[in-house]
Amino acid sequence: MWTLVLNCGSSSVKFALLQAESGETALLGLAERLGGPEARLVLTRGGQKTESAHPDVSYAGVFTLLLSELERLGLREQVGVVGHRVVHGGEKFSAPALIDAAVLESIRACIPLAPLHNPANLAGIEAAQQAFPELPQVAVFDTAFHQTLPPVAYRYAVPEAWYSGYGVRRYGFHGTSHAYVAQQAARMLGRPLAELNLVTAHLGNGCSVAAVSGGKSLDTSMGLTPLEGLVMGTRSGDVDPNLHEYLARQAGLSLEEVTDALNRHSGLTGLSGLSGDMRQLEEAAAQGHAGAVLAVEVFVYRLAKSVAAMSVALPTLDALVFTGGIGENSAGVRAKVLGRLGLLGFSLDEAANDAAVRGGAGHIGRPGSTPALVVGTNEELMIAREAARLLDSVRPAAGGQA
Ligand code: AMP
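Along every chain, residues carry numbers that run from 1 in the direction the sequence is written. Restriction of local features to residues with pLDDT of at least 70 applies here, the model being predicted, together with a cutoff of 80 or more for giving and counting side-chain atom pairs; totals for whole chains, interfaces and linings are based on all residues. With hydrogens and water set aside, each side-chain value is computed from the structure's full complement of heavy atoms.

**A short note on the site of the ligand**
Here comes step 1: By convention in this text, a residue qualifies as near a molecule or strand provided that one of its non-hydrogen atoms is within 4 Å of it. Taken together, Gly-204, Asn-205, Gly-276, Asp-277, Met-278, Arg-279, Glu-282, Gly-324, Gly-325, Ile-326, Asn-329 and Ser-330 make up the full set of residues near the ligand.
Here comes step 2: Here a polar contact means two N or O atoms within 3.5 Å. Within protein one must be a hydrogen donor candidate and the other an acceptor candidate, and residues neighboring in sequence count only if both atoms are side-chain atoms. Between the ligand and the protein, one listed contact pairs an oxygen atom with a backbone N or O atom of Asn-205 at 3.0 Å.
Here comes step 3: The backbone of Arg-279 places a nitrogen or oxygen atom 3.0 Å from an oxygen atom of the ligand.
Here comes step 4: Here the accessible surface of atoms and residues is derived via Shrake-Rupley with a 1.4 Å probe, and residues count as covered only by protein chains that are part of the display. Coverage of the ligand by the protein amounts to 75% of the 500 Å² it exposes when considered alone.

In structure tokens form, the structure reads like this:
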């Protein structure tokens, strides 16, 4: 049985057709700029990429293209389940859910918490239900893994009525990735996950760290929304909560303008004045670009500070795990971060660090130091596994009723 994994954004759909057990992947797809004149679909099969233009194609149109591709591959009948990435599940979902009307309603109820992401996820689910009406569909939530946070980690020091009335608390995101790399790290360390205390650092365009003890998340850097915490590509991470009012008074900016700037024009982009792309910034920094040097240094400093803060949630620290585009590829960022964390027993093996690039998981610490690992994340595979596991758990019950 193949699993179709879908990640639907506001103007893009990413999909993967894979085997949950082995991870064998038959098809990868990215449909971008949906609804616009430059809409395009990039398909990867057997390592070969093909790109086609589909001006003004809609969600529904993408699923028609996907269906015909599945038929062409002769795999249409072998897809057994569709797994969806859903960004915000609020306090309602601590595990994946088989999608029905009540689950859709609960995802809808979380829209105020993720106004950009959840509507896109819902639109994708509805289009997928129309395209694959006979298949079970499973929602896998970015927030679910962090539902094990204790109140000491998830409560903000604000009036209680904001929590009970409006759900103002820390939720955390990137849960699928943190959970996956924690499992992989246990394999690499040759120890059961149940015994391990890890700090996992997901560093992509969005960045977050998590404290993972015995496979459970105990703290994480993102909060009510994915804006809190680390410096990111275009997101500020933590700022003084008085910033909105200060800028409204001093610069005449509206709430929306400040929120937009904090989400889309801050982080590495805002600091460097150049780019939110770490690779480009490292190249510019090497040429002496002052903004790029500052952006990389602030990124690293705040990340190291956050790793140290996360370790407070753990009884011991068995390893730090780097993942995501930056974590998997930037030997420079990893070296600088570990250089600031000697206090926690880290010491870099430079050659191993330089050798660890995308796909190449490895140990980058010196023997005798606190282990530091590079692990390739695979959210699609994790979603496929979660969807398959959920389906296995409900199938015998359905059979029993028949
Ligand atoms: P992701 O969202 O996981 O695809 O990660 C995107 C981020 O990874 C961007 O900031 C990229 O610049 C960064 N990245 C990808 N490859 C490299 C590399 N070789 N060196 C430094 N950063 C990289």
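**Structural notes on the pattern of salt bridges**
Here comes step 1: We define a salt bridge as a contact between a side-chain nitrogen of Lys or Arg and a carboxyl oxygen of Asp or Glu at a distance within 4 Å. Across all of its chains, the model carries 19 salt bridges by this definition.
Here comes step 2: The salt bridge partner of Asp-318 is Arg-191, with a shortest N-O separation of 3.7 Å. Pair noted here: Asp-318 is in the loop between helix H11 (290-311) and strand E12 (319-323) and Arg-191 is in the loop between helix H6 (175-189) and strand E9 (197-203), with a separation of 127 residues, a long-range link.
Here comes step 3: Between Asp-260 and Arg-264 there is a salt bridge; the shortest N-O distance is 2.7 Å. Linking Asp-260 with Arg-264, this pair stays in helix H8 (residues 255-264), spanning four residues, or about one helical turn.
Here comes step 4: Through salt bridges with shared partners, a single ionic network connects Glu-32, Arg-40 and Glu-51. In this text, helices come from DSSP runs of H or I with a minimum length of four residues, and strands from runs of E with a minimum of two, each type numbered from the N-terminal end.

**Let's talk about the nonpolar core**
Here comes step 1: By size, the foremost hydrophobic cluster in this structure holds 40 residues, and its most contacted members are Leu-203, Phe-299 and Leu-303.
Here comes step 2: Those elements that place two or more of their residues in this core are E9, strand E10 (207-213), helix H10 (278-286), H11, E12, helix H13 (331-339) and strand E14 (372-374).
Here comes step 3: Looking at which element gives the most residues to this core, the answer is H11, with nine residues.
Here comes step 4: When near neighbours in sequence (up to four residues on either side) are disregarded, Phe-299 contacts Leu-203, Cys-207, Val-231, Leu-268, Met-278, Ile-326 and Val-333.
Here comes step 5: We define the nonpolar core as a collection of buried residues of types Ala, Val, Leu, Ile, Met, Phe, Trp, Tyr and Cys that are connected through side-chain atoms lying within 4.5 Å of one another. To sort residues, take the accessible area from a 1.4 Å probe on protein chains only and compare it with the maximum for the residue type: under 20% means buried, over 50% means exposed, and anything in between is partly exposed. Membership of the second largest hydrophobic core comes to 30 residues, among which are Leu-34, Leu-41, Leu-70 and Ala-128. Throughout, a residue-residue contact means that at least one pair of heavy atoms, one from each residue, lies within 4.5 Å.

**Topic: unusual backbone geometry**
Here comes step 1: Backbone geometry places Asp-56, a non-glycine residue, at a positive phi of 65°.
Here comes step 2: A positive phi angle, near 60°, is found at His-174, a position not held by glycine.
Here comes step 3: Looking at where His-174 falls in the secondary structure, it is placed in the loop between helix H5 (160-166) and H6.

**Comments concerning the packing of aromatic side chains**
Here comes step 1: Any pair of Phe, Tyr and Trp rings, taking the six-membered ring for Trp, is counted once the centres come within 6.5 Å. Such a pair is stacked with planes under 30 degrees apart, edge-to-face with planes over 60 apart, and tilted for the rest. Taken as a whole and judged by the stated rule, the model has two aromatic pairs.
Here comes step 2: Note on Phe-93 and Phe-141: the rings are 4.1 Å apart at their centroids and 10° apart in plane angle, and the pair reads as stacked. With Phe-93 in the loop between strand E6 (79-86) and strand E7 (97-98) and Phe-141 in strand E8 (residues 137-141), this pair connects stretches of sequence that are 48 residues apart. Accessibility classification places Phe-93 together with Phe-141 in one group, the buried group.

**Details of the sheet that holds E6**
Here comes step 1: A sheet is described by the order of its strands in space; here eight strands give the open sequence E5-E4-E3-E2-E1-E6-E8-E7, paired in mixed fashion. Edge positions in the open sheet fall to strand E5 (48-53) and E7, since each of these has one partner strand only.
Here comes step 2: Relative to strand E3 (residues 25-32), strand E2 (residues 13-18) runs antiparallel, the two being bridged by six bridges. Counterpart to Phe-15 in the pairing with E3 is Gly-29.
Here comes step 3: For helices, the fitted axis covers only the stretch in contact; all axes are lines through C-alpha atoms, and the angles between them, taken along N-to-C directions, range from 0 to 180 degrees. The strands touched by helix H1 (residues 59-72) are strand E1 (2-8), E2, E3, strand E4 (40-45) and E6; relative to E1, the strand with the most contacts, the crossing angle is about 160°.
Here comes step 4: Where helix H3 (residues 117-131) meets the sheet, its contacts fall on E1, E6 and E8, and the angle it forms with E6 comes to roughly 165°. Strands are treated as partners if at least two bridges between them are detected by DSSP.

**A closer look at the state of the cysteines**
Note on terminology: disulfide describes a covalent bond linking the sulfur atoms of two cysteines.
Here comes step 1: Any two cysteine sulfur atoms within 2.5 Å of one another count as a disulfide. Counted under the stated rule, the structure contains zero disulfides.
Here comes step 2: Of the cysteine sulfurs around Cys-8, a residue in no disulfide, the closest is that of Cys-110, at 17 Å.

**A look at the pairing of E9**
The two faces of a sheet get side chains in turn, since along a regular strand they alternate between them.
Here comes step 1: Most of E9 is tucked away: seven of the seven residues are buried.
Here comes step 2: Residues of E9 alternate between two faces, with Asn-197, Val-199, Ala-201 and Leu-203 on one and Leu-198, Thr-200 and His-202 on the opposite face, all of them buried.
Here comes step 3: The pairing of E9 with E10 spans seven bridges and is antiparallel. Residue pairing in the sheet places Thr-200 in a bridge with Ala-210 of E10.
Here comes step 4: In this structure, the hairpin formed by E9 and E10 is closed by a connection of three residues.
Here comes step 5: In the sheet, E9 pairs with E12 via five bridges, with the strands oriented parallel. When the sheet's bridge partners are listed, Leu-198 is paired in E12 with Ala-319.

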